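Chain and residue survey
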Amino acid sequence: MNKMKNWIKRFAMTCLFIMAISVTFQSLSGVNAQAFVSRLVNVASPSENVSGTPSLENAFDWSKYPKHTVTATGYTAGFESTGKNKGHPEYGITYSGVKVKRDLFSTIAADLTVFPIGTILFIPGYGYGVVADKGGAIKGNKLDLYYETVEDVYRLWGKKQVDVYVIQKGNGKLTEKQLLALNEDKAMQVFRQQYIKSEKR
């Protein structure tokens, strides 16, 4: 009986969560919430954190999204990745003009002919990436994932071949306001908190 009650509670919470996303996402970000939310389907999974909230990887049915296999590496804003030092006027500024950011929705670099600026990808093991940058060595099915330090690049990622999921194709533009709205979306904060805890380990 308790299992049934728990399942009903989880189902109800999932429905409320999806409704909250549909109501708040577009008003906060200006991104079409219908396209984003209509694809989200809760996946019943035993892999949950202590609070009972599924991990981001297990919260949605990612198979509903277009999938691309890419080689993903990590990069920083530093000289080793960009050739710029902290005193440089463009240090930490992406090709799109937004500042680099590691958050629930992080800035990433891609081949803009494959993933235009503003494209939102889900990258298992990393989280959401928003294409904000390009790189001389990033051609074809390659991504560069932003991390704050070189140590984080090696400790948390390195170089991997991974399947990524296209949540929304970009239109060639990305602003600080749009990136902030994605990260501040109230409906997504439970996942943001999971990310913050996992990154600080």
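Placed above this text is the structure.
As the structure is a prediction and not an experimental result, all values here were calculated from the model.

1. Focus on the environment of Gly129
Within the secondary structure, Gly129 sits in strand E4 (residues 127-133). Separated by 38 residues in the primary sequence, Gly129 and Ile167 have C-alpha atoms spaced 9.8 Å apart. Those residues in contact with Gly129, other than ones at most four positions away along the chain, are Ser106, Ile108, Thr119, Ile120, Leu121 and Ile123.

2. Quick notes on the nonpolar core
Grouped together as the largest cluster of nonpolar side chains are 44 residues, with contacts concentrated most on Trp62, Phe115, Ile123, Tyr128, Leu143 and Leu145. With 5 residues, the single largest contributor to this core is strand E6 (residues 159-168). Excluding anything up to four places from it in sequence, Phe115 contacts His68, Val70, Ala110, Leu121, Val131, Leu143 and Val166.

3. Topic: the packing of aromatic side chains
Think of a pair of aromatic rings as described by two things: how far the centres are apart, and how the planes are tilted against each other in angle. Counting across every chain of the model gives 9 aromatic pairs. With a centroid separation of 3.9 Å and an interplanar angle of 5°, the aromatic rings of Trp62 and Phe122 are classed as stacked. Of the two residues, Trp62 is situated in the loop between helix H3 (56-59) and strand E1 (67-75) and Phe122 in strand E3 (residues 120-123); the sequence distance between them amounts to 60 residues. Assessed through its relative accessible area of 0%, Phe122 is described here as buried. When the centroid spacing of 5.4 Å and the interplanar angle of 75° are considered together, the rings of Tyr126 and Tyr147 count as edge-to-face. You can see Tyr126 sitting in the loop between E3 and E4 and its partner Tyr147 sitting in the loop between strand E5 (142-146) and helix H5 (150-157), a full 21 residues away along the chain. For the pair shown, Tyr126 and Tyr147 are each scored as buried. Taken together, the ring pairs connect Phe60, Trp62, Tyr65, Phe105, Phe122 and Tyr128 into an aromatic cluster. Sitting over the ring of Tyr126, Arg102 keeps its end group 3.7 Å from the ring centre. Above the face of the Trp157 ring, Lys160 is positioned so that its terminal group lies 4.1 Å from the ring centre.

The rules behind each value
Residues numbered from 1 in each chain as written. Predicted model: local features only at pLDDT ≥ 70, side-chain atom pairs only at ≥ 80, totals over all residues. Heavy atoms only, no water. Helix = DSSP H or I, 4+ residues; strand = E, 2+ residues; numbered from the N terminus. Contact = heavy atoms within 4.5 Å. Core = buried A, V, L, I, M, F, W, Y, C linked by side-chain atoms within 4.5 Å. Buried < 20%, exposed > 50% of the residue type's maximum accessible area, 1.4 Å probe, protein only. Phe/Tyr/Trp six-rings, centres within 6.5 Å; stacked < 30°, edge-to-face > 60°. Lys NZ or Arg CZ within 6 Å of the ring centre and 35° of its normal.

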